[in-house]
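Structural features, examined
Residues per chain are reported as follows:
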Amino acid sequence: KAKAKGRNTHEYFNKALNKDSTHRSMLEQDIYKALKRNEFYLLYQPIWSIDGQKIESVEALIRWLHPERGTVYPLEFIPLAEESALIHSIGEWVISEACEFAKRLSLKATVAPKVCINISSSQFLRGNMVELLSQELSKHELEGSSLVIEITESILLLDQDNIYAQLETIVSQGIDIAVDDFGTGYSSLSYLKKYPVQRLKIDKSFIDDLEENKEDQALVSGILSLASSLSLKTVVEGVETQAQLELLRQYGSPMIQGYLLAKPMTEDLLITLLAEKAPKHSSDT
Ligand code: C2E
Ligand code: MG
Ligand code: MG
Ligand code: MG
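Figured I'd write up the structure that's included with this text. For clarity, every value in this text was computed on a predicted model and none was experimentally measured.

Around ligand 1 sit 21 residues, and of these Arg63, Asn118, Asp180, Glu240 and Tyr259 come closest. One of the side-chain N or O atoms of Glu59 is found 2.9 Å from an oxygen atom in ligand 1. Arg63 is positioned with one of its side-chain polar atoms (N or O) 2.9 Å from an oxygen atom of ligand 1. Protein contact buries 83% of the 800 Å² of open area that ligand 1 shows by itself. Broken down by element, the shell around ligand 1 gets its largest block of residues, four residues, from strand 2 (residues 55–66). Class assignment for the residues of the shell around ligand 1 results in eight nonpolar, five polar and eight charged.

Below, the structure is given as structure tokens:
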């Protein structure tokens, strides 16, 4: 029964994302209600040092607990939300929720990992990201260094002065900028020179066949050494096997994220995991 429900749900969202305007406006209304009824929540996926010893940061990933359809994943509603003003409401909710979480982390964890937040291009184009972020930081008495903002290459390719100015101001507050899904856009490496970017996240599609595919091996090791020469921190996304991890270790990858080490999890589970990982005091051993 759960399977049938999953399939129907998928069909429903697929129709909405395609040209079906009835489904589309139904979904838009659904999202609007979901915001009012608090049906969205965040999960957090650890980003690890390559030795698996340290959780350097955690990525906030949105989920929707739909009253009839169960868990809905972001790829089923974020693209539609991005075509309307809904993305701004969702985006503001995500930032606020992630900052509240970052504050709780800073109080609970011995060494609090940074919190990475996905931001849609349309949110940047609206031009109020700087205010939004600084409001949230001061509201929760957070240091900028507790956040990482994940953007996609597409925003950098727009090549607008206003984007540049926003990123500069955000970085000046101590927040890191990460380029998400690196390598999947129409990469023009020159933007790495032009924009204030501190991190790259190498897309999972380069990792899936890493063990067999010599081209992926060349690309991934090349990106890793390029990033290191440019003093960019790199996260490899979607690491699922020990063999992939071994290759990435050989290539000098500093950080990894993926099901091999941990899936996205609730705040409670993450706090437990962090407590287990925390360096023990000598008196405990
Ligand atoms: P992303 O930012 O590239 O996030 C990584 C995605 O890969 C997540 O999917 C994560 O659950 C998944 N993942 C991580 N490790 C593995 C692995 O080892 N194997 C596999 N198969 N998957 C892995 P998720 O949570 O479904 O999110 C999908 C995308 O939705 C994200 O891709 C991001 O672009 C977007 N998204 C998620 N949360 C938000 C949000 O709060 N705001 C916005 N604007 N976009 C969001
Ligand atoms: Mg991301
Ligand atoms: Mg990504
Ligand atoms: Mg992705």
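Protein-derived coordination of the magnesium ion (ligand 3) comes from Asp180 (OD), Asp181 (OD), Glu237 (OE) and Glu237 (OE), at a distance range of 2.1 to 2.3 Å. The sequence motif formed by the donor residues of the magnesium ion (ligand 3) is D-D-x55-E. Taken as a pair, the magnesium ion (ligand 3) and the magnesium ion (ligand 2) show a spacing of 4.1 Å, with Asp180 coordinating each metal.

This next bit is on the environment of Val130. Examined against the element boundaries, Val130 turns out to sit in helix 6 (residues 129–139). With relative accessibility at 17%, the residue Val130 sits in the buried group. For the pair formed by Val130 and Thr169, sequence separation is 39 residues and the distance between their alpha carbons is 6.9 Å.

A separate point is the pairing of strand 2. Counting buried residues in strand 2 gives eleven out of twelve residues, a clear majority hidden from the surface. Where strand 1 (residues 40–49) and strand 2 come together, nine bridges link them in antiparallel fashion. What sits directly across from Tyr41, in strand 2, is Arg63. Between strand 1 and strand 2, which pair antiparallel one after the other, the connecting turn spans five residues, and Gly52 there sits at a positive phi close to 70°. Bridge count between strand 2 and strand 4 (residues 114–118): four bridges; the pairing is parallel.

The next point concerns helix 11 (residues 242–250). Residues Gln244, Leu245, Leu247 and Leu248 constitute the buried set of helix 11. Relative to the axis of helix 11, the buried residues are bounded by an arc of 165° and lie together on one face. Check the buried side of helix 11 and you find it contacts helix 10 (214–229), strand 8 (233–236) and strand 9 (255–256). Just downstream of helix 11 lies Gly252, where phi reads positive at about 85°.

Conventions adopted
- Residues numbered from 1 in each chain as written.
- Chains lettered and ligands numbered in written order.
- Predicted model: local features only at pLDDT ≥ 70, side-chain atom pairs only at ≥ 80, totals over all residues.
- Heavy atoms only, no water.
- Near = heavy atom within 4 Å.
- Polar contact = N/O pair within 3.5 Å; in protein donor to acceptor, adjacent residues only side chain to side chain.
- Areas by Shrake-Rupley, 256 points an atom, 1.4 Å probe, with all protein chains shown as cover.
- Helix = DSSP H or I, 4+ residues; strand = E, 2+ residues; numbered from the N terminus.
- Nonpolar A, V, L, I, M, F, W, Y, C, P; charged D, E, K, R; others polar.
- Donors = N, O, S within 2.8 Å, 3.2 Å for Na, K, Ca; no water.
- Buried < 20%, exposed > 50% of the residue type's maximum accessible area, 1.4 Å probe, protein only.
- Pairing = 2+ DSSP bridges.
- Arc of directions from axis to C-beta.
- Contact = heavy atoms within 4.5 Å.

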